[in-house]
Number of protein chains: 2
Amino acid sequence: MARTRHRSLDCSPGCAVEATLQLIDGKWKGVILYHLLAEAPEDSLRFNALRRRMPNVTQRMLTNQLRELEADGFLHRTVYAEVPPRVEYRLTALGRSLEPVIRALKAWGDAHAMSAPEADAA
Amino acid sequence: MARTRHRSLDCSPGCAVEATLQLIDGKWKGVILYHLLAEAPEDSLRFNALRRRMPNVTQRMLTNQLRELEADGFLHRTVYAEVPPRVEYRLTALGRSLEPVIRALKAWGDAHAMSAPEADAA
DNA sequence: CGGTATCCGCAGTGATACTG
DNA sequence: CAGTATCACTGCGGATACCG
């Protein structure tokens, strides 16, 4: 289910661009990666810690996106079989390799401070 | 219609990342920008020239994505009222400002040569 | 705490045919 | 050549309720 979403690429030269885009696409992937990179470079974040950083994501979607990122090898999910269940998410090396991409994305967004795309044109 | 797609952002710190992502999302935006950047840094590309570079895009979608990119101020559309209609697409300054992003995307995709995400892990 | 399961609407995308 | 119009499907993503 987590693996259905990759639309078949056409793969002209621009293929790599689209391929990467599709991996970090999904309404929350970018933010998740961002938080994992920003707040815990080599640390882990618990499920609810992630939720706190993304107030508008539903449990379903967070789980979903997390699972997809895991399936794509970007993060590792560790379940601690304790009494109060604890699950931690940590970036893999592959996940951390996305840092330049996320940073570029963030840099651009910051630079062009887009609050209201419709009101811009600047 | 081209303006409905921007999903409302939640805008935690990671906002900028998501915002940028949403602008270049859409199945073909990335590739279009890539080609416009790669093949014509300050040149224009005609509609069919673009199509030739993206064999799998339908006319409808190319037009659609092009229009959204235009609406977002990333490219400029010039119509030459000639006998055989000619329409050229050229990146705006804003569009060109996305170069680092596209390059990061491309670099990552190339580096991790993703043909089969499931078969990698390298 | 950290999920799953289910139902559902709608945007995004495709296919095809027609047009200035 | 460069679109536009129409029809229809698919699956993303939201809401809500329940579970180990």
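This text gives an overview of the structure that appears in the document. (Residues numbered from 1 in each chain as written. Chains lettered and ligands numbered in written order. Predicted model: local features only at pLDDT ≥ 70, side-chain atom pairs only at ≥ 80, totals over all residues. Heavy atoms only, no water.)

## Observations regarding the overall build of chain A
Along its length, chain A carries six helices and three strands. When the elements of chain A are put in sequence order from the N terminus, they spell out α-α-β-α-α-β-β-α-α. For chain A, the proportion of its 122 residues judged to be buried stands at 47%. A fraction of 47% describes how many contacts in chain A between residues 6 or more apart in sequence connect residues 24 or more apart. Accessible surface computed for chain A: about 6,100 Å², of which carbon and sulfur atoms make up 52%. (Helix = DSSP H or I, 4+ residues; strand = E, 2+ residues; numbered from the N terminus. Buried < 20%, exposed > 50% of the residue type's maximum accessible area, 1.4 Å probe, protein only. Contact = heavy atoms within 4.5 Å. Areas by Shrake-Rupley, 256 points an atom, 1.4 Å probe, with all protein chains shown as cover.)

## Digging into the sheet that holds strand S2 (residues 75–80) of chain B
Residue and element names in this part refer to chain B. Read from one edge of the open sheet, three strands run S1-S3-S2, paired in antiparallel fashion. Across the chains shown, the open sheet's two edge strands, defined by having one partner strand only, are strand S1 (44–46) and S2. Looking at each pair of strands side by side, their axes are set apart by 30° on average, direction ignored. Where S2 meets strand S3 (residues 86–91), six bridges bridge the pair, whose relative direction is antiparallel. Among the inter-strand pairings, Arg77 is bridged to a residue of S3, identified as Tyr89. Packing against the sheet, helix H2 (residues 29–39) makes contact with S1, S2 and S3, and its axis sits at approximately 85° to S3. Against the sheet, helix H4 (residues 59–71) makes contact with S2 and S3, and its axis sits at roughly 115° relative to S2, the strand it touches most. (Pairing = 2+ DSSP bridges. Axes fitted to C-alpha atoms, helices over the stretch in contact; angles between N-to-C directions.)

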